[in-house]
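Examination of the molecular architecture
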Amino acid sequence: MLVVDDEPIARENLAHALSRAGYEALALGDTRAALAELARQPYDLLLTDLRLGEKSDTDGIGLMERARKLYSSLEVVVMTGYATIPGAVDAMNRGAYSYLAKPLNLDEVRALAAKAVESSRLRREVQELRQ
């Protein structure tokens, strides 16, 4: 799993919680680093903050769209401290697996991550069978 958030404590805590749940999780702070990592290897799940700060050249939705061009089976969870219903609808319409409001409930994140990883693996398997 790849966790992208411009807040160091938030991303490290989330990656640590996912690691304790048995997942391999890498935490990064900006879109450039995330895209470079995604170009290096595939991931089952991308958890990204919606607003990513000045080091990033796009927001979480832009990162999601670029990442899905690399791996169409990648599931993406968009997280935000500024949750709105229109924002959630937009994220889901543009391809997000889910949309979470901060502060995060770690039990909810772990359960959602398990479902998203399974979905990603099934999508990849279907793509491979079609080929």
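To keep things clear, this report deals only with the structure shown in the data block. Numbers given to residues run from 1 along each chain, matching the order in which its sequence is written. Totals for whole chains, interfaces and linings use every residue, but because this is a predicted model, local features are given only for residues with pLDDT of at least 70 and side-chain atom pairs only at 80 or more, for both listing and counting. Heavy atoms throughout the structure, all of them, feed into the side-chain values; hydrogens and water do not.

What to know about the packing of helix 1 (residues 8–20) against helix 5 (residues 106–130)
- All axes here are fitted lines through C-alpha atoms, helices being fitted over the stretch that makes contact, and every angle between N-to-C directions spans 0 to 180 degrees. Starting at the N terminus, helices and strands are each numbered in turn, a helix being any DSSP run of H or I of at least four residues and a strand any DSSP run of E of at least two. Remark: helix 1 packs on helix 5, axes separated minimally by 10 Å, with the N-to-C direction vectors making an angle of 60 degrees. It follows from the interaxial angle that helix 1 and helix 5 lie oblique. Considering only the axes of helix 1 and helix 5, their crossing is right-handed. Contacts from L14, A17 and L18 of helix 1 reach helix 5 at L106, V109, R110 and A113. Convention used here: angles under 35 degrees read as roughly parallel, angles over 145 as roughly antiparallel, angles from 65 to 115 as roughly perpendicular, and any remaining angle as oblique. Crossing handedness is read from the near helix: turned anticlockwise from the far helix by less than a right angle, it gives a left-handed crossing, and turned clockwise, a right-handed one. Residues count as neighbours in contact if any of their non-hydrogen atoms are within 4.5 Å of one another.

Here we look at the pairing of strand 5 (residues 98–101)
- Any two strands between which DSSP finds at least two bridges are classified as paired. Relative to strand 5, strand 4 (residues 75–80) runs parallel, the two sharing four bridges. Bridge pairing links V77 to S98 in strand 5.
- The handedness rule is simple: strands pointing away from the viewer, and a clockwise path from the first strand over the helix to the second, make the crossover right-handed. Taken together, strand 4, helix 4 (residues 85–93) and strand 5 form a β-α-β motif whose crossover is right-handed.

As for the packing of aromatic side chains
- Any Phe, Tyr or Trp ring, taking Trp's six-membered ring, that has another such ring centre within 6.5 Å forms a pair; planes under 30 degrees apart are called stacked, those over 60 apart edge-to-face, and the others tilted. Counted by the stated rule, this structure contains zero aromatic pairs.
- Over the ring of Y82 we find R51; its NZ or CZ atom is 3.8 Å from the centre of that ring. Lysine and arginine charges are scored as sitting over a ring when NZ or CZ, respectively, is within 6 Å of the ring centre and within 35 degrees of the ring normal.

A word on the side chain of D49
- Among the secondary structure elements, D49 is positioned in strand 3 (residues 45–49).
- Residues in contact with D49, not counting those within four places in the same chain, are V4, D5, D6, G60, M79, T80 and K102.

A word on the pattern of salt bridges
- What makes a salt bridge here is a side-chain nitrogen of Lys or Arg within 4 Å of a carboxyl oxygen of Asp or Glu, nothing more. Within this structure, the stated rule accounts for 11 salt bridges.
- E65 serves as the salt-bridge partner of R94, at 2.9 Å between the closest nitrogen and oxygen. Residue R94 is located in the loop between helix 4 and strand 5, and its partner E65 is located in helix 3 (residues 60–70); the two are separated by 29 residues in the primary sequence.
- Shared partners join several salt bridges into a network, and the residues in it are D5, D49 and K102.

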